[in-house]
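# Survey of secondary and tertiary structure
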Amino acid sequence: MLTDEEILSLFFARSEQSIRELDKKYGKLCYRIAFNILNNRQDAEECVNDAYLGAWNAIPPARPDPLRPYLCKIVRNLSLKRYYREKAAKRSSVYEVALQEIEHSLSSPHTVTAEVEAGELARLIEDFLDSLTKENRVLFMRRYAFSDTYADIAQLMGISEKNVSVRLTRIRRSLRAYLREREVLA
Amino acid sequence: MNSKKFAAAMTELGDHYYEEASSYQVKSKKRQWVKGVALAACLCLAAAVAILWDLAKSSDGNNQSQQDHQLALVATPTTAGEDSEQVPDAACMVSFFIYQGRVYEHYQWIDDTGDIAGAMLGSAVASIDEYTPLEDYKELTGSVGGDFYEVKGFDPGFMLAMKAKPGETTEPGIAIFTCINDIRPESPADLLEKHFRLSRNFVSAEYESGDSWYNECGERYPLSEEGIKVLNKFLCQLSASEFVSVGEALSYGIDLTSIMNKRQAVLYLNMKNGLTVTLMLNQYGYVNFGGVLDLYAQVPAADLKALLMQFTELDQPDQEPAGVILPPVRFGRTRTLPLPVKNYDLRTAVTESDLVARVKVLNWLGEDNDNLTTCFEAEVLDTIKGQSPRRITLLQDGSSEGSSEALFTHGTELFVFLRRDKHSQHKNVYRSTGGPTTTVFIVKDDTGTAYALDKHGNLTRNFDVELVMKWVRPGSKKYGELRGNWKEQDPYLFNETFDDYYKHVYPYDAFVAKVKSVLAKADPEATTAD
């Protein structure tokens, strides 16, 4: 399997092999992110293909380093766009379930600064993530950025599903308190 | 703040958070690691010489154990350095120790009433953390340390105890450990009676909803006297059942681990000494023995349902209307091979059948375990060929003793090609002409439109071009929708090999039109009734 640098070189050489190599290395991860959000195989595959196309158009001039999160974000963005646009996800979509979890924790009828910008919120979440242990940070990201199921996370991290559930509950509670302290939530 | 904004913010997080999460690899997966411990312990048993050598070598370790009598049911601190920040997480590591080659895993805390712990059997040294290499998993070591004792009235090969010293732990009393690698109960009865001695020690029962358990809400409710009676019957059924092999279930496309995630309730059977047997209950009749090995059993769904009905405070999401009788199992105890049947195509299926109709399966009527058949009441919804009463008895191959495919249940809709049959107890009996090969499932899309799902493909294989144009192509959006609905509608009839088998999905109307045209050509005089 090629290194990221070698794949990027193929992109810069405008070789279509770059897409094949990208797919070989990160295809599974990308598909999983898309499928977790869309709960539809065909839509997920299309999103991943669109992400590859996006990468093809952006590189060059862009030279993303590291490549993996760059690709993850493209796939996530495209999947979310499709999710909101087509309402394609079913109630059973992992993403929707994850979204409900976090919404339950963060929504408040008395939100004082409801218009906080996404970018500003991202910085606050980053600060919060930095206060967590590595494992809990990964746990949070796998659930709310990658929309992994409890079972997938449990397997990845070598802990039980229940442990995943309990830890996430505690992290969400901490996040809520954290945002309250900063007056993002009332 | 809404979830959309949160989602947008998550996408804007720095790359390194994504990189960290996507490249994460656990250093030592707990579950696998425990299995690794089990394996290591087995190896220790097999290689007694090596153990003796280890023990001899670690004689100073025994001295250490004298100083290490404290019970710490948290993992030992990790070494300093980059992992030090993970101490709280490492604390989630399972608590265990190794004694006589057996691995004893923490099962439960109970109050120390003074008459639980028997003779002291030894001391374990808390020398293992999650980064300890396997070769260091030696006799009398573990992730917890301290003196351990037999538990009065219980087999030390199965259960041991460690005492907590006052102030040393946040938890009171005695920690109970059960062996996870050297016991293999033959049956649920064996586990409940021989190992837990449930019937002679039983005191009370409590239940908790699956949600409460999952979120650690601890909302437990005592079972009423009436509930205890139902519980007795349930436990009799459970004792009479056998363990369900995870592998065998998987061969049917049933992932028990996944199914148990849909646990509906947790039952706590409290015993005299404070010990509790925990049963995780699933609405399909599956039972998992919480905290003890990875064992599953299946009881008749009706008995489990009767028990769940006692949990009045719990939601009953899939409650059927009163009077509905569900089949006791969806899969037979053993897997059978379907009898070789003629390879029916649509024409032969139509011409050789007495009744071609769409039916809805209703109550389970009974089963014949000698002949491996099950009787269902069925309502005829739409007749294409033949005449029948509105209610018929539908025979399906397979019973609780053995089946080749999942048994139907109340609500299953089918398009079937049937022949008249006989039964000693039922009238208007019909059986599928070609068995499962001519049974077409009805699956609906999100709008409620019906589709015909010809699992084996015999009936729709040679469809003409016009019909093929209406084929729901695997991989298409509609196919994905139907696939998802089918799985949700009946996870038993659906199986994970959906994409291998179910390649013949057509709009129901188109399928029926084809059946009618075949019937008109094959038998112009045939009676049809819509």
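Residues numbered from 1 in each chain as written. Chains lettered and ligands numbered in written order. Predicted model: local features only at pLDDT ≥ 70, side-chain atom pairs only at ≥ 80, totals over all residues.

## Observations regarding the overall build of chain B
Regarding its fold elements, chain B presents 18 helices and 23 strands. Out of the 530 residues in chain B, the part that is buried amounts to 40%. Nonlocal contacts in chain B, meaning residues at least 24 apart in sequence, comprise 67% of its contacts between residues at least 6 apart. (Helix = DSSP H or I, 4+ residues; strand = E, 2+ residues; numbered from the N terminus. Buried ≥ 20, exposed ≤ 12 C-beta atoms within 10 Å, placed from the backbone. Contact = placed C-beta atoms within 7 Å.)

## Quick look at the confidence of the model for chain B
Residues and elements named next belong to chain B. On average, residues of chain B carry a pLDDT of 74, and 71% of them reach 70 or more. The lowest-confidence element of chain B is helix H4 (residues 48-57), averaging 28 in pLDDT; the highest-confidence one is strand S19 (residues 413-421), averaging 94. Within the model, pLDDT remains below 50 along residues 27-92, and this stretch shows 109 contacts once partners closer than five positions in the same chain are excluded. pLDDT under 50 marks residues 313-321. Its contacts with residues more than four places away, or in other chains, come to six contacts. Two summary scores accompany this predicted model of the complex, namely pTM at 0.42 and ipTM at 0.73. (pLDDT = per-residue confidence, 0-100.)

## Considerations on the pairing of strand S5 (residues 146-151) of chain B
Pairing analysis gives five bridges linking strand S3 (residues 117-126) of chain B to S5(B), with the strands arranged antiparallel. Across the sheet, B:Met120 pairs through a bridge with B:Tyr149, a residue of S5(B). (Pairing = 2+ DSSP bridges.)

## Topic: the confidence of the model for chain A
Residue and element names in this part refer to chain A. A residue-level look at chain A finds 83% of positions with pLDDT of 70 or above and a mean pLDDT of 79. When the elements of chain A are averaged for pLDDT, helix H5 (residues 94-106) gives the smallest value, 65, and helix H1 (residues 4-12) the largest, 89. Long-range and interchain partners of residues 88-92, a stretch whose pLDDT sits below 50, account for 16 contacts in this model, where long-range means more than four residues apart. Across residues 109-114 the pLDDT falls below 50, and counting only partners more than four positions away or on other chains, this stretch makes nine contacts in the model.

## Thoughts on the environment of A:Leu80
Structurally, A:Leu80 can be placed in helix H4 (residues 67-86). A C-alpha to C-alpha distance of 9.7 Å links A:Leu80 and A:Cys47, two positions 33 residues apart in sequence.

## Points about helix H3 (residues 41-58) of chain A
For H3(A), spanning 18 residues, the distance from its first C-alpha to its last is 25 Å, which sits close to the expected 26 Å at 1.5 Å a residue. All of the buried residues in H3(A) are A:Arg41, A:Asp43, A:Ala44, A:Cys47, A:Val48, A:Ala51, A:Tyr52 and A:Ala55. (Expected span 1.5 Å × (residues − 1).)

## Examining the nonpolar core
The nonpolar side chains of a soluble globular protein tend to be buried with one another. In terms of nonpolar packing, the biggest core is built from 58 residues, with A:Ala34, A:Ala51, A:Leu71, A:Val75 and A:Met141 touching the most fellow members. Residue contributions to this core peak at nine residues, all from H4(A). In this structure, this core is formed jointly by two domains, domain 1 (4-86) and domain 2 (94-181) of chain A, each of which donates at least three residues. Not counting residues up to four positions away in its chain, the partners in contact with A:Val75 are A:Cys30, A:Ile33, A:Ala34, A:Cys47, A:Val48 and A:Ala51. One finds B:Leu355, B:Val361, B:Phe376 and B:Leu453 within the second-largest nonpolar core, a separate group that totals 52 residues. (Core = buried A, V, L, I, M, F, W, Y, C linked by C-beta atoms within 7 Å. Domains from an automatic or database assignment.)

## Overview of unusual backbone geometry
When glycine is set aside, most residues are seen to have a negative phi, and most peptide bonds are trans. Residue and element names in this part refer to chain A. Cis rather than trans, the peptide bond between Pro60 and Pro61 has omega equal to 15°. Tracing the backbone shows Pro61 in the loop between H3 and H4. The step from Asp65 to Pro66 runs through a cis peptide bond, and the omega angle for that step is 10°. Among the structural elements, Pro66 can be located in the loop between H3 and H4. The backbone phi angle of Ser147 is positive, close to 55°, even though this residue is not glycine. Residue Ser147 is classed as buried on the basis of its C-beta count, with 28 C-beta atoms lying within 10 Å.

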